Amino acid sequence: MRLAVFEGHRVGVIEGDQLFDVTDAVEGAGPAWPPVYMNRLMANWEAAAPAIAARRRAVKGVPLSSVRLLAPNPCPVHVIAAPANYRKHIGEIGARSVSKGRTAEQQGFFMKATASLVGAGGAIELPKGSTRRFDHESELAVIIGRRARNVPRSEAMGYVFGYSCLIDVTMRIEPGVAEEERVTRKSFETFTPLGPWIVTADEVSDPHALRNRLWVNDEARQDANTRDMIVNIPALIELVSSVMTLNPGDVIASGTPEGVGPIVPGDSIRIGIQSVGEMTLPVTEAATFSPRRF
Ligand code: MN
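Now for a look at the structure at hand. Note that the structure is predicted; figures quoted are calculated from it, not measured. (Residues numbered from 1 in each chain as written. Predicted model: local features only at pLDDT ≥ 70, side-chain atom pairs only at ≥ 80, totals over all residues. Heavy atoms only, no water.)

Describing the sheet that holds strand 10 (residues 134-136)
Thinking step 1. The strand order across the open sheet formed by 3 strands is 13-10-18, and the pairing between neighbours is antiparallel. Of all strands in the sheet, those bounded by a partner on one side alone are strand 13 (170-171) and strand 18 (261-262).
Thinking step 2. As paired strands, strand 10 and strand 18 are joined by 2 bridges and run antiparallel to one another. The residue bridging Asp 135 from the neighbouring strand is Pro 262, located in strand 18. (Pairing = 2+ DSSP bridges. Helix = DSSP H or I, 4+ residues; strand = E, 2+ residues; numbered from the N terminus.)

Below is the structure:
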């Protein structure tokens, strides 16, 4: 099943180019803050899925193109990310990274702000007036379905709810000039496009055999396969759950392959992951200056 969230914090099931509005079957769905209904839906999935399926059968579809998609989980408790998880990418970042060639195996994971999420109907908004370099990173997002604490890799795939496409937008350091912490550089609002929907795990036969591609203005920038991850999905879940409790709805960005490059206002960024989906977001510049400039 493909689950999407659209304007007004409504929930849809996607089939082909149609969206079926199943909001009435999702407890708590709506714009009330905090919008945590998708976490609850995933936590209660076994009980909720039949009602979702029944609602899908009862309603008429609308063209997917007629709605504006939000992040398919607008408010996960955690957005976790793997650094340096593809060897060829580690080679290309060089001096613009503080990781000094260490992989996710040695570095562990980092966090992105939940507030940085944006959906397929949004835009990547760069800080107004910035002369810094901003990069795209094309990543498979793993969506957690059950509370996970100290889960060994041999059991970890049972904790996966599904998958989504994720762009980890990053402001690069300028060595010796500006070396903000990674969480600052990656947590600007709209710096984590997620979507266009969550596809449930049963529809992805092997998440470690997915072509992962990203284009800037229709020019191919990234084209890799999830089989080349250094710390694979069960090992990521083992790692993170050894430190903290993963919750239903949590998002793990599994790291970017090679081909990372700069984006500027006016660009159009398309991400496509095999068996998951594809979405395109424009890059814009914020309308107003932030009080602290970057
Ligand atoms: Mn990344």
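Anyway, onward from the coordinates.
Focus: the sheet that holds strand 19 (residues 268-273)
Thinking step 1. Strand order across the open sheet formed by 5 strands is 9-20-19-15-16, with mixed pairing between neighbours. Each of the sheet's edge strands pairs with one partner strand only, and the pair in question is strand 9 (124-126) and strand 16 (219-225). For this sheet, the mean inter-axis angle between neighbouring strands, taken without regard to orientation, is 15°.
Thinking step 2. With 5 bridges joining them, strand 15 (residues 211-216) and strand 19 adopt antiparallel strand pairing. When the sheet's bridge partners are listed, Val 216 is paired in strand 19 with Ile 269. (Axes fitted to C-alpha atoms, helices over the stretch in contact; angles between N-to-C directions.)

A closer look at the environment of Gly 259
Thinking step 1. Relative to the elements of secondary structure, Gly 259 occurs in the loop between strand 17 (251-253) and strand 18.
Thinking step 2. As a C-alpha pair, Gly 259 and Glu 92 span 167 residues in sequence and 8.0 Å in three-dimensional space.

Re the pairing of strand 1 (residues 2-6)
Thinking step 1. Among the 5 residues in strand 1, 4 count as buried, and that is most of the element.
Thinking step 2. Here strand 1 runs beside strand 14 (residues 192-200); their pairing, made up of 2 bridges, is antiparallel. Paired with Leu 3 across the strands is Ile 198, a residue of strand 14.
Thinking step 3. The turn joining strand 1 and strand 2 (residues 10-15), which pair antiparallel and follow one another in sequence, is formed by 3 residues; a positive phi near 85° is taken by Gly 8.
Thinking step 4. In this structure, strand 1 lies alongside strand 5 (residues 69-70), joined through 2 bridges in antiparallel fashion. Counterpart to Phe 6 in the pairing with strand 5 is Leu 69. (Buried < 20%, exposed > 50% of the residue type's maximum accessible area, 1.4 Å probe, protein only.)

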